[in-house]
Amino acid sequence: MIKVDKIISATWIYTGEDQDKVLFDHSIVVSDQKIRDIQPTIKAHEMYEAEETYQLSDHILLPGLINAHTHSAMSLLKGYADDLQLETWLNDYIWPAESKFVNYDFVRVGSELAIAEMIKGGTTTFNDMYFFPEATAEASKNLGIRANIGLVVMEFPSNYANDPQEYLNKGFEFRDHWRDNKLISTSIAPHAPYSVSNSTFELINTYAEQLNLTIHTHLHETRNEIEESIKQFSSTPIERLSELGLLGPKLMAAHCVHLSENDMYQLKSNGVSVLCNISSNMKLGSGFVDVYQLINNNINIAIGTDSSASNNRLDMFSEMRSMALNNKALTMKSEFLKPSEVLKMATINGAKALGLDHIIGSIVKNKYADIIAVNLDRIDTQPCYDPLASLVYCADRSSVEYVWINGDTKLKERVLVNIDEIEILQKVKSWKNKINQT
Ligand SMILES: [Zn+2]
């Protein structure tokens, strides 16, 4: 018998590799942070001796969900400014609040709040972009979640940096410091076409090529952004980035809500990944991303929540359901977007966008053991004829009962492991009082 760390057995396993394939009565064998084997449960127990075993007869195991676009620290601004268009929300509320309050501690506490919420909802990796990235990385390391952290760059000064070169210098210093941590990876994150100049975009492109880094940006979030770009540059933001050489398989473009035929062609021909944030786009009144055309053009689509300041949840189950239902309604095609396609967007497609699909995003041998267990034997999910349909249409984040990240148990019977929720809540309330007083 081979000694291993864990054998996790469940009635169903969705590996995320083959579209609709669900394994029945199988086990995942975990050792040294990785998935070592997947076998029928009886065989797994004959072959391996584990320190810990889980028998989850009511559950489906699936790859940990990947939140492909968020700003975790902004969870401290959840509910701070609601019911506003993006430009008013940013210019009159969010940016002034950030210039008053954002510092290392704000980012640390906001990130802890976000990470605790994400783990409880089955997210095991998030793709972030914000100031003071070291605070988000520290929070991720301590709470034990995987994070791809954007090294934010913008033209304007903030409490974090004064000009593009200082943003970049601080970002690279951060990257050097964290490059050996298995949970942390990095991208360069120019904030958006309206907050980054041509020369800064060119500089970012050079660095991204030299350092082999992915690029994470906001792109085509509102109609206004596109109209202003046409006025200023005589091109849409996508055309402008194309001229600057930014479009390519390493680019992750959040939103892409309003696309011309040529914009769509540019995304397709350059292999850009699109990070959809449907709830945030709805809440800010920005519009709907054309998922039907993105799929027809074979564009890689991942799912994000955006921040809690514009969602106001970091809930990938809610996003999956919205992704499926909104697009059936928008296309008037009920057969469009099968549950397995939506699950791929929330797992392996996110990993592809991040350039991490060789290590996470599906349940296969030698990938890191980022796995979640969802209980399908509850009032809200029974009867269950098709476990993938139950996951996308019936289950919500409270159905997530176990989470393993890098092979470590992070949620057990819905309770966070080695994370003090009460302490996080106390720190959050103290920040809320500080923000409320002004
Ligand atoms: Zn965003």
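Every value quoted in this text rests on a predicted model; they were computed, and no experiment measured them. (Residues numbered from 1 in each chain as written. Predicted model: local features only at pLDDT ≥ 70, side-chain atom pairs only at ≥ 80, totals over all residues.)

**A short note on the domain arrangement of the chain**
Point 1. Each assigned domain of the chain is listed here: domain 1 (2-63 + 368-406) and domain 2 (65-353).
Point 2. A straight line from the C-alpha centre of domain 1 to that of domain 2 covers 30 Å.
Point 3. Contacts between the two partners involve 19 residues from domain 1, matched on the other side by 24 residues from domain 2.
Point 4. Of all elements in the fold, only α15 (387-394) and β14 (400-405) reach the threshold of two or more residues within the side of domain 1 that touches domain 2.
Point 5. No other element matches the 5 residues that α15 contributes to the side of domain 1 that touches domain 2.
Point 6. Of the residues that constitute the side of domain 1 that touches domain 2, the class distribution is 12 nonpolar, 3 polar and 4 charged. (Domains from an automatic or database assignment. Contact = placed C-beta atoms within 7 Å. Helix = DSSP H or I, 4+ residues; strand = E, 2+ residues; numbered from the N terminus. Nonpolar A, V, L, I, M, F, W, Y, C, P; charged D, E, K, R; others polar.)

**Let's talk about the environment of Tyr-93**
Point 1. Secondary-structure assignment places Tyr-93 in helix α2 (residues 86-101).
Point 2. You can call Tyr-93 partly exposed: it has 16 C-beta atoms within 10 Å.
Point 3. Each C-alpha atom, one on Tyr-93 and one on Asp-82, is 9.7 Å from the other, the two residues being 11 residues apart in sequence. (Buried ≥ 20, exposed ≤ 12 C-beta atoms within 10 Å, placed from the backbone.)

**Digging into unusual backbone geometry**
Point 1. With omega at 0°, the peptide bond leading from Asn-311 into Asn-312 counts as cis.
Point 2. In this fold, Asn-312 is placed in the loop between β12 (301-303) and α12 (316-331).
Point 3. Of note, the bond from Gln-382 into Pro-383 is cis; its omega dihedral lies within 30 degrees of zero at 0°.
Point 4. Note that Pro-383 resides in the loop between β13 (371-375) and α15.
Point 5. Residue Glu-413 is not a glycine yet carries a positive backbone phi of 50°.
Point 6. By the element assignment, Glu-413 lies in the loop between β15 (408-412) and β16 (415-416).
Point 7. By the C-beta count within 10 Å, which is 8 here, Glu-413 ends up exposed.

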